[in-house]
Amino acid sequence: MFDVRWIRDHPEAFDTGLARRGLAPLSSKIVTLDAKRRDAQTELQKLQARRNEASKQIGIAKKNGEDAAGLITEVADLKERIHVLDDDQKQSEAAVENALQVIPNLPSPEVPDGADESANVELRRIGKLPELGNSTKEHHELGAALSMMDFQRAGKLSGARFVVLSGALARLERALGQFMIDLQTTEHGYVEVNPPTLVRDTALYGTGQLPKFGDDLFRTTSDHWLIPTAEVPLTNLVANEILDESALPIRFTALTPCFRSEAGAAGKDTHGMIRQHQFSKVELVSIVHPDNSEDEHERMTIAAEEVLKRLDLHYRVVALSAGDLGFSARKTYDLEVWLP
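Residues numbered from 1 in each chain as written. Predicted model: local features only at pLDDT ≥ 70, side-chain atom pairs only at ≥ 80, totals over all residues. Heavy atoms only, no water.

Caption draft 1: Molecular detail of the packing of aromatic side chains. Considering all chains together, one arrives at 3 aromatic pairs under this definition. Ring centres of F213 and F327 lie 5.7 Å apart, and the angle between their planes is 80 degrees; on these two criteria the pair is classed as edge-to-face. You can see F213 sitting in the loop between α8 (201–206) and β6 (218–219) and its partner F327 sitting in the loop between β10 (315–319) and β11 (333–337), a full 114 residues away along the chain. With a relative accessible area of 13%, F327 lands in the buried category. (Phe/Tyr/Trp six-rings, centres within 6.5 Å; stacked < 30°, edge-to-face > 60°. Helix = DSSP H or I, 4+ residues; strand = E, 2+ residues; numbered from the N terminus. Buried < 20%, exposed > 50% of the residue type's maximum accessible area, 1.4 Å probe, protein only.)

Caption draft 2: A look at the sheet that holds strand β1 (residues 121–126). Reading across the sheet, the 3 strands line up as β1-β10-β11 and stay open at both edges, with antiparallel pairing between neighbours. If you trace the sheet from one side to the other, it starts and ends with β1 and β11, each paired once. Neighbour-to-neighbour, the strand axes of this sheet turn through a mean angle of 20 degrees, independent of strand direction. In this sheet, β10 lies alongside β1 in antiparallel orientation, the contact comprising 5 bridges. The residue bridging R124 from the neighbouring strand is V317, located in β10. Helix α10 (residues 293–310) rests against β1, β10 and β11 of the sheet, and its axis sits at about 5 degrees to β11. (Pairing = 2+ DSSP bridges. Axes fitted to C-alpha atoms, helices over the stretch in contact; angles between N-to-C directions. Contact = heavy atoms within 4.5 Å.)

Caption draft 3: Region of interest: the environment of A175. Relative to the assigned elements, A175 resides in helix α7 (residues 167–187). The exposure class assigned to A175 is partly exposed, which follows from its relative accessible area of 41%.

Caption draft 4: Seen up close, the pattern of salt bridges. Scanning all chains against the criterion turns up 23 salt bridges. A salt bridge links E122 to R125, with the nearest nitrogen and oxygen atoms 2.8 Å apart. For E122, a relative accessible area of 35% gives the class partly exposed. Close ionic contact of E306 with R310 constitutes a salt bridge, the shortest N to O distance being 2.7 Å. Here R310 and E306 lie together in helix α10, a separation of 4 residues that amounts to about one turn. Taking relative accessible area as the criterion, E306 reaches 21% and is therefore assigned partly exposed. For R310, a relative accessible area of 43% corresponds to the partly exposed category. In the salt-bridge network here, residues are joined through shared partners; they are R8, D34, R37 and R38. (Salt bridge = Lys/Arg side-chain N within 4 Å of Asp/Glu carboxyl O.)

Caption draft 5: View of the side chain of H277. Inspection of the secondary structure assignment puts H277 in the loop between β8 (250–259) and β9 (278–287). Among the polar contacts listed, one links the side chain of H277 to the backbone oxygen of S261, at a separation of 3.4 Å. Among all residues touching H277, those that are not within four sequence positions of it are A160, R161, F162, F218, C258, F259, R260 and S261. (Polar contact = N/O pair within 3.5 Å; in protein donor to acceptor, adjacent residues only side chain to side chain.)

Caption draft 6: Structural view of the pairing of β10. For β10, the buried fraction is high: 4 of the 5 residues fall into the buried class. By the bridge criterion, 5 bridges tie β10 to β11 in an arrangement that is antiparallel. For A319, the partnering residue across the bridge sits in β11 and is Y333.

Caption draft 7: The nonpolar core, seen in detail. With 11 residues, the main nonpolar core is built from F2, V4, I7, F14, L18, I30, V96, A99, L100, I103 and L106. Mapped onto this core, the elements with two or more residues apiece are α1 (4–9), α2 (11–20) and α4 (69–101). Element by element, the count of residues in this core is highest for α4, at 3 residues. In this structure, V193, V238, F252 and I287 belong to the second largest nonpolar core, which totals 9 residues. (Core = buried A, V, L, I, M, F, W, Y, C linked by side-chain atoms within 4.5 Å.)

Caption draft 8: Representation of the packing of α7 against α10 within the structure. Contact geometry of α7 with α10 gives a least axis separation of 10 Å together with a crossing angle of 130 degrees. In terms of orientation, α7 and α10 fall into the oblique class. Relative to α10, α7 is oriented so that their crossing is right-handed. Touching F179, M180, L183, Q184 and E187 of α7 are A303, A304, E306, V307 and R310, all from α10. (Parallel < 35°, antiparallel > 145°, perpendicular 65-115°, else oblique. Left-handed = near helix turned anticlockwise from the far one by under 90°.)

Caption draft 9: Seen up close, helix α3 (residues 27–63). For α3, built from 37 residues, the straight-helix expectation of 54 Å at 1.5 Å per residue is met to within 8% by its first-to-last C-alpha distance of 54 Å. Every buried residue of α3 is accounted for by S27, I30, D34, R37, A40, L44, L47, A54, I58 and A61. For α3, the secondary structure elements touched by its buried residues are α1, α2 and α4. Just downstream of α3, G65 is the residue with a positive phi angle, here 75 degrees. (Expected span 1.5 Å × (residues − 1).)

Here it is as structure tokens:
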């Protein structure tokens, strides 16, 4: 979430960044809301100071046997005005916070301009494109033929967009996760974490999933949320903490189940094990000094690419355009594995 002071000091840069995402300027609205909040806060502090001063004067007047009726009336009026103004201030603070929570991150200067994925820029292609014959089958056809990928029984248990893997395929999925975790922890300096998969609202606000993407998440009756990615708990491990700069960088990795409702994805790339409600994923998160974030992003990309290289998969690296960036992203490289 943006610091409103930064928007106040850099309105042009803020609106320019939003324009690159195809959004209307918002600096004037945010600054106006913040001015109303600050005015209410200033007036409230003045009234509170006068109430405290008048209360002391009442005590002195009574001690000296003087008439304090006027001061008592003034304090009563001040209390009423303070109560009203306190509500105004809270409403103003909520208005500023609500406005800031739905503003996406601003694109990095290096991000390609463009309204959507058509403006994405391919940076490189790695590996050889496989040559497949006419008898090629989809992954779900192969899995069903092996009796190791069962969508029907998964549907009986949980409904659509779930799968039951068994035998060698269950073992393969477990082995792939183990391979990725071992690679990142032994060769790339990441520390393995086994985080909770149920988190509170604050964790999802902290990584930008809430409030905008609540429909894409699963919520429990105890007001916990199932994580859509381990990025949520890993990033929030250091939330609201002051870190010693000498301890940086801090690099976390985790293999967790992830849960997404995939709202609005019906009919689009949903065959087989694509866009499932539950899936396993290895996540990488780095906590670094802001001055080193660009270099760390490049390092993380190389660490992720190494997985694909060792699996001998054909893939490409794509820089997303400003209009195709995720809500919280300042810059994104997509690693797109070739899928027949």
